[in-house]
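# Fold and geometry: a report
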Amino acid sequence: MDQNVFNDPRITAVGLLVEAHAGLSARFAAQYEEHGLSPVEFEVLTRLTRSPGNQLRMTDLAAQTSLSTSGVTRVVDRMERDGLLTRRACPSDRRSSFAVVTATGLQRLDETLPGHLRIIEQWFTGQLDPAALDALLDGLRRVRDAVHPGATAGSTGSAADCDETGTSS
């Protein structure tokens, strides 16, 4: 085997991405645990609060995360028991329901975010100048859209599909 193949910049790029992700994930996990959240629970809360009406259809939540539909159901069940989320049916589509962040979920996220942002600044964005960060964000979006085209499913318009009273818009 040609030893030069291991110096291929493609291998280096993926290796650096995996190493950076692992290092950040370990720091985040410890910080989430201080607030009684798992990494997936933090991701679910963040995805929901960044969506219209602080809600997403369960299928869109699965598409945006690394979870299967049954995995999302289990996580939402647990988070609902903990008072962080609630489900809301959509009467215009009986097969659909929304996961919606509760006031308790928003409070937990508000308590967790300052430490989360400190970690991001210290170990990620603070390592890059503005031009490098812009280039990285552009590149990551292109890669994400290619490998995970459903990553933004339902991020626009899901709140309009059923209004706050549960009637179709």
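Look up: the structure comes first, before these words.
Scoring rules and cut-offs
Residues numbered from 1 in each chain as written. Predicted model: local features only at pLDDT ≥ 70, side-chain atom pairs only at ≥ 80, totals over all residues. Heavy atoms only, no water. Helix = DSSP H or I, 4+ residues; strand = E, 2+ residues; numbered from the N terminus. Buried < 20%, exposed > 50% of the residue type's maximum accessible area, 1.4 Å probe, protein only. Contact = heavy atoms within 4.5 Å. Areas by Shrake-Rupley, 256 points an atom, 1.4 Å probe, with all protein chains shown as cover. Axes fitted to C-alpha atoms, helices over the stretch in contact; angles between N-to-C directions. Parallel < 35°, antiparallel > 145°, perpendicular 65-115°, else oblique. Pairing = 2+ DSSP bridges. Salt bridge = Lys/Arg side-chain N within 4 Å of Asp/Glu carboxyl O.

## Points about the overall build of the protein
- Along the protein, the regular secondary structure elements total 7 helices and 3 strands.
- The secondary structure elements of the protein, listed N-terminal to C-terminal, are α-α-β-α-α-β-β-α-α-α.
- Burial status across the protein gives 30% buried among its 169 residues.
- The long-range fraction of contacts in the protein, counting pairs at least 24 apart against all pairs at least 6 apart in sequence, stands at 61%.
- When the accessible surface of the protein is split by element, carbon and sulfur atoms take 57% of a total near 10400 Å².

## As for the side chain of Thr-112
- With respect to the helices, strands and loops of the structure, Thr-112 is situated in helix H5 (residues 103-123).
- For Thr-112, a relative accessible area of 0% translates into the label buried.
- When sequence neighbours within four positions are dropped, the list of residues in contact with Thr-112 reads Gln-31, Tyr-32, His-35, Leu-37 and Phe-42.

## Topic: the packing of helix H2 (residues 39-49) against helix H4 (residues 69-81)
- The geometry of H2 relative to H4 is characterised by a closest axis approach of 11 Å and an angle of 85 degrees between their N-to-C directions. With respect to their mutual orientation, H2 and H4 come out roughly perpendicular. Here Val-40, Glu-41, Val-44 and Leu-45 of H2 lie close against H4, whose contacting residues are Val-75, Arg-78 and Met-79.

## Things to note about unusual backbone geometry
- The backbone of Asn-54 shows a phi angle near 55 degrees, a positive value even though the residue is not glycine.
- With respect to the helices, strands and loops of the structure, Asn-54 is situated in the loop between H2 and strand E1 (55-57).
- Residue classification places Asn-54 among the partly exposed residues on the basis of a relative accessible area of 24%.

## Considering the sheet that holds strand E2 (residues 85-89)
- Reading across the sheet, the 3 strands line up as E1-E3-E2 and stay open at both edges, with antiparallel pairing between neighbours. Strands at the two margins of the open sheet, each flanked by one partner only, are E1 and E2. Direction aside, neighbouring strands of the sheet carry axes that sit 25 degrees apart on average.
- Where E2 and strand E3 (residues 97-101) come together, 5 bridges link them in antiparallel fashion. Each residue of the ladder has a partner; that of Arg-88, found in E3, is Phe-98.
- Packing against the sheet, H2 makes contact with E1, E2 and E3, and its axis sits at approximately 100 degrees to E3.
- Sitting on the sheet, H4 is in contact with E2 and E3, with an inclination near 115 degrees to E2.

## Description of the pattern of salt bridges
- Going through the model one piece at a time under the given rule, you end up with 7 salt bridges.
- Residues Asp-8 and Arg-10 are paired through a salt bridge, measuring 2.5 Å at the closest nitrogen-oxygen approach.
- With a relative accessible area of 64%, Arg-10 lands in the exposed category.
- Residues joined in a network through salt bridges with shared partners are Asp-77, Glu-80 and Arg-87.

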